[in-house]
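Below are the chains, spelled out letter by letter.
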Amino acid sequence: VLLSALVLYKGVEINNYIESRFSQYQKPENKLEQWQCVLEIAEGKELFGVGYGEKRELLVDCYHDKGMSRAEIMGFNSHNEYLDFFLTLGYLGVIALLVYFVHAMFVAYDNHQTALLLIIILISLFALNENIFTRQKGVMITALTYLLIYANNDFDRKRKEAVSSEDNDIAVV
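Below: a short report on this structure. (Residues numbered from 1 in each chain as written. Predicted model: local features only at pLDDT ≥ 70, side-chain atom pairs only at ≥ 80, totals over all residues. Heavy atoms only, no water.)

### What to know about the overall build of the protein chain
Defined as follows: A run of H or I in DSSP counts as a helix once it spans at least four residues, and a run of E counts as a strand once it spans at least two, with each numbered from the N terminus. We call a residue buried when its accessible area falls under 20% of the maximum for its residue type, exposed when it is over 50%, and partly exposed in between, using a 1.4 Å probe and counting protein chains only. Per-residue and other accessible areas were derived by the Shrake-Rupley procedure at a 1.4 Å probe size, with only the shown protein chains allowed to occlude residues.
Helix and strand counts for the protein chain stand at 7 helices and 0 strands. Across the protein chain, helices and strands are ordered from the amino to the carboxyl terminus as α-α-α-α-α-α-α. Classification of the 173 residues of the protein chain by burial places 32% in the buried group. In the structure as shown, the protein chain presents an accessible area of about 11,700 Å², 65% of it carried by carbon and sulfur atoms.

### Digging into the packing of aromatic side chains
Quick note on the threshold: Any Phe, Tyr or Trp ring, taking Trp's six-membered ring, that has another such ring centre within 6.5 Å forms a pair; planes under 30 degrees apart are called stacked, those over 60 apart edge-to-face, and the others tilted.
Taken as a whole and assessed by the stated rule, the structure comprises 6 aromatic pairs. Ring centres 5.2 Å apart and planes at 50 degrees place the aromatic pair Phe86 and Tyr91 in the tilted group. The buried category is assigned to Phe86, whose relative accessible area is 10%. Ring pairs connect the aromatic residues Tyr82, Phe85, Tyr100, Phe101 and Phe133, which therefore count as one cluster.

### Some words on unusual backbone geometry
We note that His79 has phi near 55 degrees; this positive angle belongs to a residue other than glycine. Locating His79 in the fold gives a position in the loop between helix H4 (69–74) and helix H5 (81–110). Given the relative accessible area of 6%, His79 is considered buried. Not every positive phi belongs to a glycine, and His112 is a case in point at roughly 55 degrees. Mapped onto the secondary structure, His112 falls in the loop between H5 and helix H6 (114–126).

Structure representation (structure tokens):
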């Protein structure tokens with residue numbers, strides 16, 4: 001509640017401070033222009049994408065054509081994991097990414113791992129606004145979360161098998 005009150009009371013000042021301190025701060029309109037570049041580049045290559053090798057050069061060229069000098073100089077990525085997969089691997093890549101997220105969500109849900117389910121949902125939502133798999137931290141957080149989900153899934157399965165075999169042993173006696 002206090003944090004919300006602070007943001008409501010000092011929100012404009014906080015935003016101005018962030019803009020002045022961080023040179024890589026991305027305004028929403030800049031991201032929309034970047035996303036538009038992705039869609040323009042992918043036009044005609046929707047099924048398989050442009051591949052990893054040409055992606056960065058094509059984005060920088062598009063930023064240059066649109067007069068997005070900072071994005072061009074900094075070599076910004078698409079700032080959207082789904083669009084990045086679409087540009088790189090086409091529809092097949094986006095489908096694979098969605099299967100990756102949805103499968104982990106179902107496994108976490110089936111095993112009653114609410115915290116891990118929420119983390120996967122947050123990661124998949126964060127992917128709408130940032131490329132998480134192009135940075136080591138994003139890959140590590142996602143990998144550790146999936147490791148916890150699947151390790152716990154295997155542990156629960158073995159525990160159920162052990163309880164089931166004990167019940168059978170008791171029934172035999």
